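What follows is each chain in one-letter form.
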Amino acid sequence: MHRIRTTVVRLRPIAAPQTAKSQSQARLATVGGALRTFQPMRSYTASVSAEPFLNGTSSNYVEEMYYAWLENPRSVHKSWDIFFRNANAGAPPGAAYQSPPRLGGAALGLANAQAMVGVQPNVEKLVEDHLAVQSLVRAYQVRGHHIAKLDPLDISVVDFDEAPVMVGLKKVEFYGLDESDLDKVFRLPTTTFIGGSESTLPLREIIQRLEMAYCQSIGVEFMFINDLEQCQWIRQKFERPGIMQFTLEEKRTLLARMVRSTRFEEFLQRKWSSEKRFGLEGCESLIPALKTIIDKSSMNGVESIIMGMPHRGRLNVLANVIRKELDQIFCQFDSKLEAADEGSGDVKYHLGMWHRRINRVTDRNITLSLMANPSHLEAVDPVVQGKTKAEQFYCGDTEGNRVMSILLHGDAAFAGQGVVYETFHLSDLPSYTTHGTIHVVVNNQIGFTTDPRVARSSSYPTDVAKVVNAPIFHVNADDPEAVMYVCNVAAEWRATFHKDVVVDLVCYRRNGHNEMDEPMFTQPLMYKQIKKQKGVLQKYAEKLIAEGAVTRQEYEEEIAKYDKICEEAHARSKDEKILHIKHWLDSPWPGFFNMDGQPKSMTSPSTGLTEEELGHIGHIASSVPVEDFTIHGGLSRILKSRAAMVGQRVCDWALGEYMAFGSLLKEGTHIRLSGQDVERGTFSHRHHVLHDQNVDKRICIPMNHIAPNQAPYTVCNSSLSEYGVLGFELGFAMASPNALVLWEAQFGDFHNTAQCIIDQFICPGQAKWVRQNGIVLLLPHGMEGMGPEHSSARPERFLQMCNEDPDAYPKFSAEEFAVRQLYDCNWIIVNCSTPANYFHVLRRQILQPFRKPLIVFTPKSLLRHPDAKSNFDDMLTGTHFQRLIPDSGPVCEKPDGVKRIVFCTGKVYYELTRERKNRGMDNTVAIARIEQLSPFPFDQVKVETDRYPNADLVWCQEEHKNQGYYDYVKPRLRTTVDRTRPVWYAGRGPAAAPATGNKAAHLVELQRFLDTAFNLDAFTGQS
């Protein structure tokens, strides 16, 4: 037996009756459910060699027994009672032990027993044997899953580094026991519940019960959890004898669910054998697993469940869990079906669904939402969590009792995709927690064609969940009753502790990656075994028939009943000629649109405010609305400068944002701003959360003191994640159109680690899934001479993905030109040059009658630029967002004399105006700012080009020619002037990197393109 030799603890002899009197301080501890009220006293005088049995973990064991004896001598075995009495009488521990009276013999009196202190049997053996049993129990709890019968194919590829598992009847020697000990009775430690109502068991029975608990169809990983209460809870759920008992009704319900799951896939295979459907064959128990989780959660008070999953088994989940109409699913296989709704649609195994129904088990209403998602596995995880958080927020569910999430995963993706880790690390953050998610892994033991041995470094695909102390329940998916039990426990865990839990359904994939794929090319041995494998429904039905739980006739009738339902639905599906994508909507917004799903109006009201509102919000922004709150001295100066600006009726960038947020909150619109360091702002400009300099963690958010009945403002620093956090905020924005949800990148180029969310969800989301979303991305952008990183938010990428035709001038009436453009676009892209315009675009995002993603390239140097300020007049009632800001200087007096009009966007405008002034060219060169890049303001650009008929057209940008806006703007400018005038370029030349790393080179490049912009002969002779 492995022991750590340490200095032993020898108990000072004290008489039990005198204990209470000798204590100056009482200690509380628990012994057998009672409170312990004594202070243990220790004497470190005995050596290890003198008392060999009192060393290592033995001393802890004896000490614990001693405490129990002090409290109640009858609570310990008679032999220990004699031992401690003798020890207290002064006998050394080695001489204090006395054998208990033999059964059937004359009982020795206590006095006689105490007199026989000279007898010294081998007490070390007794103690070590009990400790060995403790170690054996722990070994099963820690490593029993290593030898559990988890793999239906019995070819498990889980790699445990060839570490031996020392459990079982033949391995007891490892713990210092031998076969002669198997029938000895041992007291069970408090860390196991295998005894049920019994406190002692023979070693043979102990091992058999541990084998039943930890080494059958269920393997439990939980001993890494550092919370004793949680570990004890799990032990109870899996160790108590006879705990996995099911009623006849539960077994029949389980069989019926297995029938539906299996026959659904078989029906699709019969009807559409050559179609991809990513069927569930090999893991049919997933359907009863999910239904069990939903039933149990509904029983615990959950009213809404948001689900995310990959494509495998999706149609089956839609049909048998969400209960999508079967004819709506079957008609998706009709190649002649026409799409009727707007958008381009998506393949059937990517679509989502929202459905409210009665749960038949609990007879309670429950709302189920399966999120639509792309092929990018696990990308939907944070989106689901964000939507779940939003629903909890809107219904005041602060503990996750009414709304929860279920995430389904594949084994290869769960181990391989980094967004899984990012999402797990959001699980316990205050502004991101959803109070526990149930993760269900469909563990095919293969990823497409890749063997797990080369797909992950961890033993299990689920090991990533250990980072948040989530228990992991591995279960053989060919044992439906074990699956059902584990799912019940998972739902109870989530309801009890509000923490994540993982159910690992160890199964197989009967077909290839899809139904057209040939898996024998790469996994010949696995698929030879799969071909021999009897289906789980057949195995379970035979088991129940053998038990007498159902008759064969009842089983066959259940199959015939569901087959008839499928056939009738198939017949109805033939009548469907048009595909309504809206029938697959996963996030409806009741009351926001008309009955036909159209906006209630096509007008955009003024986004301005009254003078009084601006003044009031400005006062809040420049004060601390909490008494006895000490702020940093530097922050005091910032607030004073804000107050001064309000007095002068001007605002800078931070104050303009404050005006927009504060006014929307006052109007009842919830605002959520999330991202890295957004509370203060990366550039120390925002300061929406004030920190008391004298009291730790005491904060003040002035924005929540705007008005008595305002909406709440949530501003939260995120984890250092972009992919996970942006996905989360996207999901949050899906839940309601009446909230402004913003994600700010620390620097604009950081969005590229969240590119999947942008490319697969934000850009095409409405086209694919008829799902509008008003999320706002704030991306700091600008060439400041600070190197290639943190300079460019890559506007060219966003502009390239706009759905607008650059060669067609929109045919809208002047009155509705702007709003029609907005309604037809897939997202809005702006680069504002004034705080007022930033203020207006944020307010327009909520006040317009529909929702579109908004991409804002925000400034860095303009945050404190003396010229980048706006007058309150630009923000008053009746004012709007300006898609294009024309030149209002001297060029307006004699437009015919203007030789050049320079179009630009963003920060470069201030460099252009400074250079124009230095050159004295205010009368000959006009500068127009295109504030809204997409949709492109064709109508307003045309007004400017017509105003200066003799001017040549130049696009100027600070970005490199192959980056930035040039390739997007040029064809649109050409279309605006009907290709009658060329469009020239002034800017940096093509480059691989976004910016130079040399400050001097940066300034040379800047001056070079400014020279080009103002050299009226620069393009002479060019065609």
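Residues numbered from 1 in each chain as written. Predicted model: local features only at pLDDT ≥ 70, side-chain atom pairs only at ≥ 80, totals over all residues. Heavy atoms only, no water.

### A word on the overall build of the protein
Summing up its helical and strand segments, the protein has 31 helices and 32 strands in all. Partitioning the contacts of the protein with sequence separation of at least 6, the portion at a separation of at least 24 is 79%. Put simply, the protein shows about 42100 Å² of open surface, and 51% of that area lies on carbon and sulfur atoms. (Helix = DSSP H or I, 4+ residues; strand = E, 2+ residues; numbered from the N terminus. Contact = heavy atoms within 4.5 Å. Areas by Shrake-Rupley, 256 points an atom, 1.4 Å probe, with all protein chains shown as cover.)

### Some remarks on the pairing of strand β31 (residues 952-960)
Across the nine residues of β31, eight count as buried, placing the element largely inside the fold. Pairing between strand β28 (residues 900-904) and β31: four bridges, direction parallel. By the bridge assignment for β31, I901 is matched with L953. Two strands pair when backbone bridges link them, and β31 and strand β32 (residues 983-988) are joined in this way by five bridges, in the parallel orientation. Across the sheet, W955 pairs through a bridge with Y985, a residue of β32. (Buried < 20%, exposed > 50% of the residue type's maximum accessible area, 1.4 Å probe, protein only. Pairing = 2+ DSSP bridges.)

### Things to note about the packing of aromatic side chains
Scanning the entire structure with this criterion turns up 36 aromatic pairs. A centroid spacing of 6.4 Å and a plane angle of 15° characterise the contact between Y214 and F222, whose relative ring orientation is stacked. Grouping residues by exposure puts Y214 and F222 together as buried. Ring centres 5.1 Å apart and planes at 75° place the aromatic pair F936 and F938 in the edge-to-face group. What makes F938 buried here is its relative accessible area of 0%. Over the aromatic face of Y432 sits the side chain of R672, whose NZ or CZ is 5.1 Å from the ring centroid. The ring of Y823 is capped by K852, whose NZ or CZ atom sits 5.6 Å from the centre of that ring. (Phe/Tyr/Trp six-rings, centres within 6.5 Å; stacked < 30°, edge-to-face > 60°. Lys NZ or Arg CZ within 6 Å of the ring centre and 35° of its normal.)

### Observations concerning the nonpolar core
Within the largest apolar cluster, 174 residues are counted, with the highest numbers of intra-cluster contacts made by L286, V317, F330, I406, L505, L777 and F903. Among the elements that take part in this core, helix α15 (residues 480-497) stands out by supplying 11 residues, more than any other. Discounting residues that sit within four places of it in the chain, L286 has contacts with L280, V317, L408, V440, V442 and L505. Residues I701, I706, V715 and Y823 belong to the second largest nonpolar core, which totals 54 residues. (Core = buried A, V, L, I, M, F, W, Y, C linked by side-chain atoms within 4.5 Å.)

### What to know about the pattern of salt bridges
For the coordinates displayed, the defined rule picks out 47 salt bridges. Here R277 makes a salt bridge to E265, at a shortest N to O gap of 2.6 Å. One end of the pair, R277, is in the loop between α8 (248-271) and α9 (286-299); the other, E265, is in helix α8, with 12 residues separating them in the sequence. For R277, a relative accessible area of 1% gives the class buried. Classification of E265 as buried rests on a relative accessible area of 3%. Of the charged contacts in the structure, one is a salt bridge between R572 and D327, with a shortest N-O distance of 3.9 Å. Of this pair, R572 sits in helix α18 (residues 552-573) while D327 is found in helix α11 (residues 326-330), placing the two residues 245 residues apart along the sequence. A relative accessible area of 43% places R572 in the partly exposed class. (Salt bridge = Lys/Arg side-chain N within 4 Å of Asp/Glu carboxyl O.)

### Focus: the sheet that holds strand β8 (residues 304-308)
Ordered in space as β7-β14-β15-β13-β12-β8-β11-β10, the eight strands form an open sheet in which the pairing is mixed. Both edges of this open sheet fall to β7 (218-221) and β10 (353-359), since each of them pairs with a single strand only. Between one strand axis and the next, the sheet turns through 20° on average, direction left out of account. As defined by bridge partners, β8 adjoins strand β11 (residues 364-370) across four bridges and the pair is classed as parallel. Among the inter-strand pairings, M307 is bridged to a residue of β11, identified as L370. Sheet strands in contact with α9 are β8, β10, β11, β12 (403-410), β13 (437-443) and β15 (501-506), and its direction is about 165° off that of β12. (Axes fitted to C-alpha atoms, helices over the stretch in contact; angles between N-to-C directions.)

### Some points on the environment of E211
Note on placement: E211 falls in helix α6 (residues 203-214). Sequence separation of E211 and G168 is 43 residues, and the distance between their C-alpha atoms is 7.7 Å. Ignoring anything within four residues of it in the chain, the contact list for E211 reads Y140, G168 and Q216. Engagement of the side chain of E211 in a polar contact is seen with the side chain of Y140, the distance being 2.7 Å. (Polar contact = N/O pair within 3.5 Å; in protein donor to acceptor, adjacent residues only side chain to side chain.)

### A closer look at helix α10 (residues 314-322)
Buried residues dominate α10, accounting for nine of its nine residues. Listing the buried residues of α10 in full gives R314, L315, N316, V317, L318, A319, N320, V321 and I322. Of the residues one or two after α10, R323 is the one with positive phi, at around 70°.

### Some points on the sheet that holds β31
If you trace the five strands from one edge of the open sheet to the other, you get β27-β29-β28-β31-β32, paired in mixed fashion. In this open sheet, the two edge strands, each paired with only one partner strand, are β27 (884-885) and β32. Lying over the sheet, helix α28 (residues 908-919) contacts β28, β29 (925-930) and β31, oriented at roughly 170° with respect to β29.

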